[in-house]
Structure formats: C-alpha cells, structure tokens
Amino acid sequence: MRIGCHVDLQNAISQAVAVKAEVAQITLGDPQSWKKPVVPEGLAETAGAAGIGLFVHAAYVINVASTNNRIRIPSRKLLQQTIDAAAELGAEGVIVHGGHVTADEDPQLGRDNWRKCIDGLDPKVPVLIENTAGGKKAMMRHLDAMATLWETLDGSENLPRVGLCLDTCHAHAAGLDLTTVVDDVRAITGRIDLVHCNDSADAPGSGRDRHAPWGDGMIDAEVLLAILRDADAPVVLETPAANHRDEIAWLRGAVAS
C-alpha cells in the first residue's frame, strides 16, 4: 500500500519527499477555475526520479452531469484537458467529482450525461469518479445512485478506464456504513483505485464535507484502518498539511501491524 497526500503544485515533489509520501495528489491550477490546466516543466521527471506516483484532481467546478449546457459542455472540455495534462505527467489517474442535477430534475438525466461524457472521452489515463458527501440529486452520494450510474455506463467502450476514488469523510457524511463500504462499493464498480483517507468533523449522515485530522474527527480510527486494508489501493491524505508527516508515518506502521 502506497501512502501519500495532497500537495501544492509549486514544489509538489519536495513537499512529498519531506513528508515521506509515496504518492502525491495535485491540482493543475486553481480548482475553482475553468482555465485550461498547465503542466509544470520538469514535474514528471522530478516525480519519476523521486519514485513518487502522481494523481491529478480535476477542478471542483466540473459537473458533467449538469443539464445546463453552460456548465456541462465546459465541464467535458475541461475534464478532457485535465486528462491530457495528466497523461503528459505520467499520472496514474484523474479524480473527478460525480456531480449532480438540480432539485427538480430526474437524476437519470445526469447519469445519461455521464454516459455521453465517458463515451466521448479519450481516457489516456483512468478517470476516477469520487463519491460525494451531500446532495439529494448527487450522482455519487448513496449506493443506489452509484449502482444506477454504473448501470448507465455499462457497455461503454471506455468503461474499463473508469474507476473509483473512495473518500472516507464523504462516505461517513453520506451516511454509508463504513464497516461494509469497501465491499458495498466494489460490488457496484468492481474496483477501488484510490482512497482519500480523511476523518470527518461532523456526524454520520450530516451531508457535510468537512475533513478533520486523523483522531480529531468522528470516524473511529480502527474503522478507517480497516477500510485502507480492505481497499488495498493507494492512499491520499487530504487533511491539514502540517499533519501529513506524522499521519503518514503512523498510518504506514498501523496498516502493516
């Protein structure tokens, strides 16, 4: 199991090396922006020399499920641009949020939009759809919604390049059973490609996406460790950067024991 963290784009690899990370997650620019991602010169080479695997988190503004053309079309474009940039870096995957439709819309419209998006992509690297914490019409909050999304994607030639990023805080906030979530999700998707390992500042089922440092939140540490062992996938911490060195060291020992 490789363990790492989200790092800033500037000095990404030196930050990862300083906390003894084996993988690093980055965003290629402002995650709240629609601007085309920029690939920093030399980053791929520096990461390779340090033996650090890269994951790219797509911009948070992306919502390919949206029925609004002014959101959906730019979302597809930006997602493809992010995939292209990630491929230049030799990244292992692009993480993207599942998105949503509005309160008065049929969620199947969003799932159909996801199918059109996946069919039209050039997935040079795997696209890892992340489960989300809240939203009644979210594509990736509840297990039944995830299952229906994957059923809609079934048959796409690009489905083998579509994976899952399991966020523990989001799963807790969504009200999922963390003691069975790995098996539950794998039964739907067949795979877990990455784990965002985060504690939660709020109660289960709150729908609130507020990450907490390990041990400071409301998820039992042993439950989190069990998820990591069962998922057997790379792990990325999205907790405060000041804690990463200690958290990575502790996790590395704890999952091996």
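In this text the structure is predicted, and so the values were computed from the model without any measurement. (Residues numbered from 1 in each chain as written. Predicted model: local features only at pLDDT ≥ 70, side-chain atom pairs only at ≥ 80, totals over all residues. Heavy atoms only, no water.)

1. Re the pairing of strand β7 (residues 194-197)
Point 1. The alternating pattern of β7 places L194 and H196 on one face and V195 and C197 on the opposite face, and all of these are buried.
Point 2. Sheet topology note: the strand β6 (residues 162-167)/β7 ladder contains 3 bridges and is parallel. For L166, the partnering residue across the bridge sits in β7 and is V195.
Point 3. Sheet topology note: the β7/strand β10 (residues 235-237) ladder contains 3 bridges and is parallel. Counted as the bridge partner of V195 is V235 from β10. (Buried < 20%, exposed > 50% of the residue type's maximum accessible area, 1.4 Å probe, protein only. Helix = DSSP H or I, 4+ residues; strand = E, 2+ residues; numbered from the N terminus. Pairing = 2+ DSSP bridges.)

2. Focus on the sheet that holds strand β2 (residues 23-26)
Point 1. The 8 strands lie next to each other as β1-β2-β3-β4-β5-β6-β7-β10, forming a closed barrel whose pairing is parallel. Neighbour to neighbour, the strand axes of the sheet diverge by 30° on average, direction disregarded.
Point 2. When strand β1 (residues 3-6) meets β2, the two strands line up parallel, connected through 2 bridges. Residue pairing for β2: C5 is matched across the bridge by A24.
Point 3. Against the sheet, helix α5 (residues 143-153) touches β5 (127-130) and β6, its axis set at about 165° to β6.
Point 4. This element, helix α9 (residues 244-256), spans β1, β7 and β10 of the sheet and lies at about 155° to β1. (Axes fitted to C-alpha atoms, helices over the stretch in contact; angles between N-to-C directions. Contact = heavy atoms within 4.5 Å.)

3. Some details on the nonpolar core
Point 1. Ranked by size, the top nonpolar core spans 73 residues in total, and within it L79, W114, L166, V181 and I192 carry the most contacts.
Point 2. A total of 6 residues in this core trace back to one element, the largest contributor, which is helix α3 (residues 69-89).
Point 3. Not counting chain neighbours up to four residues away, the residues in contact with L166 comprise N131, A171, V181, V182, V185, I192, L194, V195, H196 and I227.
Point 4. By size, the runner-up hydrophobic cluster in this structure holds 7 residues, among which are F55, L128, C165 and L194. (Core = buried A, V, L, I, M, F, W, Y, C linked by side-chain atoms within 4.5 Å.)

4. Things to note about the packing of aromatic side chains
Point 1. Applying the stated rule across the entire model yields 1 aromatic pair.
Point 2. Measuring from ring centre to ring centre gives 5.5 Å for W214 and W250, while their planes differ by 55°; the resulting arrangement is tilted. Placement of the pair is W214 in the loop between β9 (211-212) and α8 (221-231) and W250 in helix α9, with a sequence separation of 36 residues. (Phe/Tyr/Trp six-rings, centres within 6.5 Å; stacked < 30°, edge-to-face > 60°.)

5. With respect to the side chain of T82
Point 1. You can see T82 is positioned in helix α3.
Point 2. In this structure the side chain of T82 is engaged in a polar contact, spanning 2.7 Å, whose partner is the backbone oxygen of L78.
Point 3. Once residues within four sequence positions are removed from consideration, T82 is found in contact with P37, V56, A58 and V94. (Polar contact = N/O pair within 3.5 Å; in protein donor to acceptor, adjacent residues only side chain to side chain.)

6. Quick look at α8
Point 1. When we look at burial in α8, the residues that qualify are L224, L225, I227, L228 and A231. Looking straight down α8, one finds its buried side chains confined to an arc of 155°; they lie on one side.
Point 2. D232, located one to two residues past α8, shows a positive phi value of around 50°. (Arc of directions from axis to C-beta.)

7. Re α9
Point 1. For α9, spanning 13 residues, the distance from its first C-alpha to its last is 18 Å, which sits close to the expected 18 Å at 1.5 Å a residue.
Point 2. Looking at the packing, one finds that the buried side of α9 touches β1, β7, α8 and β10. (Expected span 1.5 Å × (residues − 1).)

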